[in-house]
Amino acid sequence: MKERFAKYPFRGSAHGLTMFEVTHVYQLTPPPPELYTVNECIVAAQTWNDLCFFAFFLHHIEPRLNRRITNFLLREGLDRYDPERFLDYKQSCVLVMLECLESYDPYKGAEFLTYAHHAIGNALIQCRMMEESGSFSSLDEYKRVRGIAWLYNETGKSKGEVVSEYAARVGCSEETAEQYLTVARLNRSRVSLYVTAQDEDGEETGEDVTRDDSWDYTAILWNGVQAEAVRTAFEKLSYREQRLLEERNAICMTCGRVSPSSERKSFEELAVMFEGSTASGAERAYRRAVEKLTALLAEAGALHAVRLRRKSVKRTKKKIAAAVYEYQADCDGKWGEIQFDFVSGTAEIVRLAEWDTMVSKVFAERAVKYIRSCDIEYLPKMLLLTF
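I will try to describe carefully the structure that is included in this document. (Residues numbered from 1 in each chain as written. Predicted model: local features only at pLDDT ≥ 70, side-chain atom pairs only at ≥ 80, totals over all residues. Heavy atoms only, no water.)

When helices and strands are tallied, the chain shows 13 helices and eight strands. About 20,300 Å² of surface is accessible on the chain, with carbon and sulfur atoms providing 51% of the total. (Helix = DSSP H or I, 4+ residues; strand = E, 2+ residues; numbered from the N terminus. Areas by Shrake-Rupley, 256 points an atom, 1.4 Å probe, with all protein chains shown as cover.)

Here is the structure:
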């Protein structure tokens, strides 16, 4: 008999929180009276010391706040469809607006959103800082590290040139600038890489000092005991597999140095290195090497991986209406099964891998979360996810 579990809504978390809910969390029913403009709601909240008017204000500006958070997540290369993360960022922005409410003076001519604009930006960066693996003494230090890292990535100049240019730009000593760059480079070797961009205030952000985001395993290379697990797993690969990973990702597994993305080998170049291969053949060999290394790291406990394979799909009017996926926890053991209904927007765990209700359900939830983020018309046939 099939064992059935709770259904998970699409575009939501494992706990049922959806993106629609977090983007409409401050919408009031019935809507507030249209007696006040947005800024008049703030003035009324101050005048009568009544936060009901602040709730009216949030009701009106929520779409604008949603757009600003979405744009920030996009620039940072973060998942903008993660409801829990989105709500965390959103609540942080609301908290700083409440703080700004106390000091806002409407008679100076600036609207409240203009007055709070910089504080909201700092709140978003503060949230991003808390997600970093590196440690920072203050938000100001983190912003300085982001600034020099952005400069290092964008200019492609040497370390010495970047240090001199940054020191002259912000008016600090070269020794201080070098310390910031060192912190940035260490932080990039510990955490997932993200996109370079400038924020709405023109501040340099979104640095990617290693200039390469193709290999997630660099995130744990120098992370204490994990580094040894990576090296051990890497040594179990064949010489060809090792060369494919190092050359494609411009990384030296001996010293851990990550080179600029311009030094990455294309699949055409890899095919030339291994005579008799084609570009597509080199790409397939590279993917197999990545999967083999992932399996070895999962076996060593350095990370977790869930393998997905599509069992069947159901179409109605040339559109995919439903799909069945099998999943495997940590690349080993019996497969579980998940059914997706794209019409009702739900997913159902029919059978847990290894029939393990304590552990493998986490892997099933990861699989559900990924598949619901995919374009329905381009569902993957086979996939290996790491976390």
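Next up on the list: the environment of glutamine 126. The residue glutamine 126 is located in helix H5 (residues 112–131) in this model. Sequence separation of glutamine 126 and serine 92 is 34 residues, and the distance between their C-alpha atoms is 8.8 Å.

Before going further, it helps to spend a moment on the nonpolar core. Counting 53 residues, the largest nonpolar core has Phe54, Phe57, Ile69, Tyr89, Met97 and Phe112 as the members making the most contacts within it. Secondary structure elements with two or more residues in this core: helix H1 (19–23), helix H2 (38–48), helix H3 (52–76), helix H4 (83–103), H5, helix H6 (139–155), helix H7 (159–170) and helix H8 (174–188). With 10 residues, the top contributor of residues to this core is H3. The contact partners of methionine 97, leaving out residues within four places of it in the chain, are Phe54, Phe57, Leu58, Ile61, Leu65, Phe112, Leu113, Ala116 and Ile120. Counting 27 residues, the second-largest nonpolar core is a separate cluster that includes Leu270, Leu297, Leu303 and Cys331. (Core = buried A, V, L, I, M, F, W, Y, C linked by side-chain atoms within 4.5 Å. Buried < 20%, exposed > 50% of the residue type's maximum accessible area, 1.4 Å probe, protein only. Contact = heavy atoms within 4.5 Å.)

For any pair of aromatic rings, the description rests on two quantities: the centre-to-centre distance and the angle between the ring planes. All told, the structure shown has 10 aromatic pairs when counted by the stated rule. Taken together, a centroid distance of 5.5 Å and an interplanar angle of 80° make the contact between phenylalanine 57 and phenylalanine 112 edge-to-face. Pair noted here: phenylalanine 57 is in helix H3 and phenylalanine 112 is in helix H5, with a separation of 55 residues, a long-range link. One exposure class covers both phenylalanine 57 and phenylalanine 112, and it is buried. Look at phenylalanine 340 and phenylalanine 342: their rings are 6.2 Å apart centre to centre, the planes differ by 10°, and that puts the pair in the stacked class. The exposure classification of phenylalanine 340 matches that of phenylalanine 342, with both residues buried. Through a chain of ring-to-ring contacts, the aromatic side chains of Phe54, Phe57, Tyr104, Phe112 and Tyr115 assemble into a single cluster. (Phe/Tyr/Trp six-rings, centres within 6.5 Å; stacked < 30°, edge-to-face > 60°.)

Let us look at the pattern of salt bridges. Across all of its chains, the model carries 12 salt bridges by this definition. Taking the shortest distance from any N to any O, the salt bridge between aspartate 82 and lysine 369 comes out at 3.4 Å. Of this pair, aspartate 82 sits in the loop between H3 and H4 while lysine 369 sits in helix H13 (residues 360–373), and the two are 287 residues apart along the sequence. On the accessibility criterion, aspartate 82 (13% relative accessible area) is buried. One salt bridge connects lysine 311 with glutamate 337, and the closest N-O pair in it is separated by 3.2 Å. Of the two residues, lysine 311 is situated in strand S4 (residues 305–316) and glutamate 337 in strand S6 (residues 336–341); the sequence distance between them amounts to 26 residues. Overall, lysine 311 belongs to the exposed group, its relative accessible area being 51%. (Salt bridge = Lys/Arg side-chain N within 4 Å of Asp/Glu carboxyl O.)

Here the residue pair threonine 29 and proline 30 is connected by a cis peptide bond, since its omega of -5° sits within 30 degrees of zero. With a phi close to 50°, asparagine 49 is a non-glycine residue in the positive phi region. Checked against the element boundaries, asparagine 49 lands in the loop between H2 and H3.

Further remarks concern the side chain of asparagine 66. Note that asparagine 66 resides in helix H3. Given a relative accessible area of 10%, asparagine 66 falls into the buried group. Only 2.9 Å separates the side chain of asparagine 66 from the backbone oxygen of threonine 23, close enough to count as a polar contact. Within polar-contact distance, the side chain of asparagine 66 engages the side chain of lysine 90 at 2.9 Å. Here asparagine 66 is in contact with Thr23, Phe86 and Lys90, once residues within four sequence places are set aside. (Polar contact = N/O pair within 3.5 Å; in protein donor to acceptor, adjacent residues only side chain to side chain.)

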